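# An overview of the molecular structure
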Amino acid sequence: AAHVARINVSHITAGQDATIALSLNKEQRKILRNGMVVVAKDEATSTVTFEAEICIMRGEGATIRENYCTMVHILNIKQAARIVAIEVIHAGSNSTMTSVATFDGAGIENEDETILRAGSIAKVRFQFQKRPEHVRKGMRMLFRDGQVRGVGVVTG
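Here the structure is a predicted model, which means the values were calculated and not measured.

Attention shifts here to the sheet that holds strand β1 (residues 2-4). If you walk across this open sheet you meet the 3 strands as β2-β1-β3, and the pairing is antiparallel. Both outer strands of the open sheet, β2 (7-9) and β3 (19-20), are each paired with one neighbouring strand and no more. In this structure, β1 lies alongside β2, joined through 3 bridges in antiparallel fashion. Residue Ala2 lies in a different strand from β2, and its bridge partner there is Val9.

Our focus in this paragraph is the nonpolar core. Counting 24 residues, the largest nonpolar core has Phe50, Ile54, Ile74, Phe126 and Met141 as the members making the most contacts within it. In contact with Ile54, other than residues within four places in its own chain, are Leu116, Ser120, Ile121, Ala122, Val124, Phe126, Met141, Phe143, Val151 and Gly152.

Reading around the circumference, β4-β9-β6-β5-β10-β11 is the order of the 6 strands in this closed barrel, with antiparallel pairing throughout. Mean inter-strand twist for the sheet, computed between neighbouring axes without regard to direction, equals 45 degrees. Pairing between strand β10 (residues 140-145) and strand β11 (residues 148-154): 6 bridges, direction antiparallel. Pairing of Leu142 across the sheet is with Val151, part of β11.

A word on the environment of Arg136. With respect to the element layout, Arg136 can be found in the loop between β9 (121-128) and β10. Take Arg136: its relative accessible area is 40%, and that puts it in the partly exposed class. When the C-alpha positions of Arg136 and Phe50 are compared, they lie 9.0 Å apart, and in sequence the two are 86 residues distant. When near neighbours in sequence (up to four residues on either side) are disregarded, Arg136 contacts Glu43 and Val154. Within the structure, Arg136 has its side chain in polar contact with the side chain of His134 (distance 3.5 Å).

What follows covers a positive patch on the surface. Taken together, the side chains of Arg58, Lys78, Arg144 and Arg149 make up a positively charged region of the molecular surface. In this fold, Lys78 is placed in strand β6 (residues 77-90). Accessibility expressed as a relative area gives 56% for Lys78, which makes it exposed.

The bulk of non-glycine residues show a negative phi, and the bulk of peptide bonds are trans. Positioned with a positive phi, Arg6 is a non-glycine residue whose angle comes to about 65 degrees. Relative to the elements of secondary structure, Arg6 occurs in the loop between β1 and β2. Its relative accessible area of 81% is what places Arg6 among the exposed residues. Positive phi outside glycine occurs at Asn67, with the angle close to 75 degrees. When you line up the elements, Asn67 lands in the loop between β4 (49-58) and β5 (69-74). Judged by relative accessible area, which is 53%, Asn67 ranks as exposed.

Quick notes on the rules
Residues numbered from 1 in each chain as written. Predicted model: local features only at pLDDT ≥ 70, side-chain atom pairs only at ≥ 80, totals over all residues. Heavy atoms only, no water. Pairing = 2+ DSSP bridges. Helix = DSSP H or I, 4+ residues; strand = E, 2+ residues; numbered from the N terminus. Core = buried A, V, L, I, M, F, W, Y, C linked by side-chain atoms within 4.5 Å. Buried < 20%, exposed > 50% of the residue type's maximum accessible area, 1.4 Å probe, protein only. Contact = heavy atoms within 4.5 Å. Axes fitted to C-alpha atoms, helices over the stretch in contact; angles between N-to-C directions. Polar contact = N/O pair within 3.5 Å; in protein donor to acceptor, adjacent residues only side chain to side chain. Patch = residues over 30% accessible without salt bridge, like charges linked within 9 Å, V, L, I, M, F, W, Y side chains within 5 Å. Areas by Shrake-Rupley, 256 points an atom, 1.4 Å probe, with all protein chains shown as cover. Salt bridge = Lys/Arg side-chain N within 4 Å of Asp/Glu carboxyl O. Lys, Arg positive; Asp, Glu negative; His and termini not counted. Charge placed at Lys NZ, Arg CZ, Asp CG, Glu CD.

This is the structure in structure tokens:
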């Protein structure tokens, strides 16, 4: 059985979001999980890292920097992701480029680090924590972690 917008249909065309009911045995069900997509073989790509242009909507007192881990929502994908690179496009009123003391085991070393706050717009590279996902350019995304909220568009 196939449903498009909760209406029973006999066929599904390219570009439609649909729900499909499959009759599978226990072993076949183990390889499927929620949110999987059906695509042509030449389009079947999955990635662990992706870039997105994001805007921090809310997050009073939060410090977003490299290695920050958050829950990312992209269409049917919901997975923890870590920020591995930040390129600031527009700094919000509270965003800063700050000097942070880090301890590397041999001594204390100062390095410049980008910190994002509410109102910032940046190009960020995310890395999924558990498994690769099918992400395309132009997909809208949302991320959240406690009081921190942000939205964006996948750029690469």
